Amino acid sequence: AQSVAQPEDQVNVAEGNPLTVKCTYSVSGNPYLFWYVQYPNRGLQFLLKYITGDNLVKGSYGFEAEFNKSQTSFHLKKPSALVSDSALYFCAVRDSSSASKIIFGSGTRLSIRP
Amino acid sequence: DAGVTQSPTHLIKTRGQQVTLRCSPKSGHDTVSWYQQALGQGPQFIFQYYEEEERQRGNFPDRFSGHQFPNYSSELNVNALLLGDSALYLCASSLGRGSYQPQHFGDGTRLSIL
């Protein structure tokens, strides 16, 4: 069965420093991976996706993610964090047995201190 | 361009009651998926509607049912409410089932069961 794991419940970073939010996946077949962000009392906003091609994917708000097939990872990164990046981040994978179904991780709370 | 809209934003019910949640997809989208997000967890896939039919279903009991209308809007119905049904219910829309395009989420309906 497909799954994603986010090993860190919370990540704390100082403003201006680089940030990384970790995600590992388990899929049968080709992985189709996504990152979403959720602000308080809001729905999820799409950041970026990996379908195929370049292992470094660039997305919204200066975020990027690195796909690593050998380590089955898809870590979210940003070179310089902003206080406004503080939010809940979800890694997700499309279920290969059902194109309709997206499987989400448990989420990582990112906190950026001024 | 209106995004995904959900109503109501908040709802309080008691055990055993029935509830209907509504969703209007983003303009141009024809597929609607519903997710349940319990507190502190990632969204869990309930089901997806396309061409007015339920196309895929997650691991939810038959108490959860839905409908899609010709204008692509959708309803989620939950019967015989349990305390454990308390959650944020998210609607997501996309163009075409099985698409690699990201789903667009509404801000959700917060359902509280007393």
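Here the structure is a predicted model, which means the values were calculated and not measured.

1. Overview of the overall build of chain B
Right, so step 1: Looking only at helices and strands, chain B features 0 helices and 11 strands.
Right, so step 2: In sequence order, the secondary structure elements of chain B are arranged as β-β-β-β-β-β-β-β-β-β-β.
Right, so step 3: In summary, chain B has a C-alpha radius of gyration of 13 Å against a globular reference of 13 Å for 114 residues, a match within 12%.
Right, so step 4: With the C-alpha coordinates of chain B rotated into their principal frame, the extents come out at 40 × 25 × 25 Å.
Right, so step 5: Relative to its 114 residues, chain B shows a buried fraction of 49%.

2. What to know about unusual backbone geometry
Residue and element names in this part refer to chain B.
Right, so step 1: Look at the link from Ser7 to Pro8: it is a cis peptide, with omega at -10 degrees.
Right, so step 2: Residue placement: Pro8 occurs in the loop between β1 (5–7) and β2 (10–13).
Right, so step 3: In this model, Glu51 sits at a positive phi of 50 degrees, which is unusual for a non-glycine residue.
Right, so step 4: Inspection of the secondary structure puts Glu51 in the loop between β5 (44–50) and β6 (53–57).
Right, so step 5: In the Ramachandran plot, Glu52 falls in the positive-phi region, its phi being about 65 degrees despite a non-glycine side chain.
Right, so step 6: Inspection of the secondary structure assignment puts Glu52 in the loop between β5 and β6.

3. Focus on the nonpolar core
Right, so step 1: Within the largest apolar cluster, 27 residues are counted, with the highest numbers of intra-cluster contacts made by Leu19(A), Trp35(A), Leu47(A), Leu48(A), Phe74(A), Leu76(A) and Tyr89(A).
Right, so step 2: Sort the elements by how many residues they give to this core and strand β10 (residues 87–94) of chain A lands first, with 4 residues.
Right, so step 3: Apart from residues lying up to four places away in sequence, Leu48(A) is in contact with Leu33(A), Phe34(A), Trp35(A), Val57(A), Lys58(A), Gly59(A), Phe63(A), Glu64(A), Ala65(A), Phe74(A) and Leu76(A).
Right, so step 4: Val32(B), Phe64(B), Val78(B) and Ala87(B) belong to the second largest nonpolar core, which has 19 residues in total.

4. What about the interface of chain A and chain B?
Right, so step 1: Between chain A and chain B, the residue contacts involve 21 residues of the former and 22 residues of the latter.
Right, so step 2: Across the interface of chain A and chain B, roughly 1,700 Å² is buried in total on both sides, 53% from carbon and sulfur atoms.
Right, so step 3: Of all residues in chain A, the largest losses of buried area upon contact with chain B belong to Leu44(A), Ser100(A) and Phe104(A), amounting jointly to 28% of the total for that side.
Right, so step 4: At the junction of chain A with chain B, the criterion picks out 1 salt bridge.
Right, so step 5: For the interface between chain A and chain B, the tally reads 4 residue pairs in polar contact (both at pLDDT 80 or more).
Right, so step 6: For the side of chain A that touches chain B, the secondary-structure elements that each account for two or more residues are β5 (33–38), β6 (44–50), β10 and β11 (102–104) of chain A.

5. Comments concerning the pattern of salt bridges
Right, so step 1: Per the counting criterion, the structure on display carries 8 salt bridges over all chains.
Right, so step 2: Notably, a salt bridge pairs Glu64(A) with Lys58(A), separated by 2.9 Å at the nearest N-O pair.
Right, so step 3: Given the relative accessible area of 64%, Lys58(A) is considered exposed.
Right, so step 4: In this structure, Glu51(B) and Arg55(B) form a salt bridge, with 3.2 Å as the shortest nitrogen-oxygen distance.
Right, so step 5: Residue classification places Arg55(B) among the partly exposed positions, given a relative accessible area of 27%.

6. Description of the side chain of Gln37(B)
Right, so step 1: Considering the arrangement of structural elements, one finds Gln37(B) in strand β4 (residues 31–37).
Right, so step 2: One polar contact links Gln37(B) to Gln38(A), side chain to side chain, over a distance of 2.9 Å.
Right, so step 3: At 3.1 Å, the side chain of Gln37(B) and the backbone oxygen of Gln41(B) are in polar contact.
Right, so step 4: Not counting residues within four places of it along the chain, the set of residues in contact with Gln37(B) comprises Gln38(A), Leu44(A), Phe90(A), Gly42(B), Pro43(B), Ala87(B), Leu88(B) and Leu90(B).

Calculation criteria
- Residues numbered from 1 in each chain as written.
- Chains lettered and ligands numbered in written order.
- Predicted model: local features only at pLDDT ≥ 70, side-chain atom pairs only at ≥ 80, totals over all residues.
- Heavy atoms only, no water.
- Helix = DSSP H or I, 4+ residues; strand = E, 2+ residues; numbered from the N terminus.
- Rg over C-alpha atoms; globule rule 2.2 N^0.38 Å.
- Buried < 20%, exposed > 50% of the residue type's maximum accessible area, 1.4 Å probe, protein only.
- Core = buried A, V, L, I, M, F, W, Y, C linked by side-chain atoms within 4.5 Å.
- Contact = heavy atoms within 4.5 Å.
- Buried area = accessible area lost by both parts, 1.4 Å probe.
- Salt bridge = Lys/Arg side-chain N within 4 Å of Asp/Glu carboxyl O.
- Polar contact = N/O pair within 3.5 Å; in protein donor to acceptor, adjacent residues only side chain to side chain.

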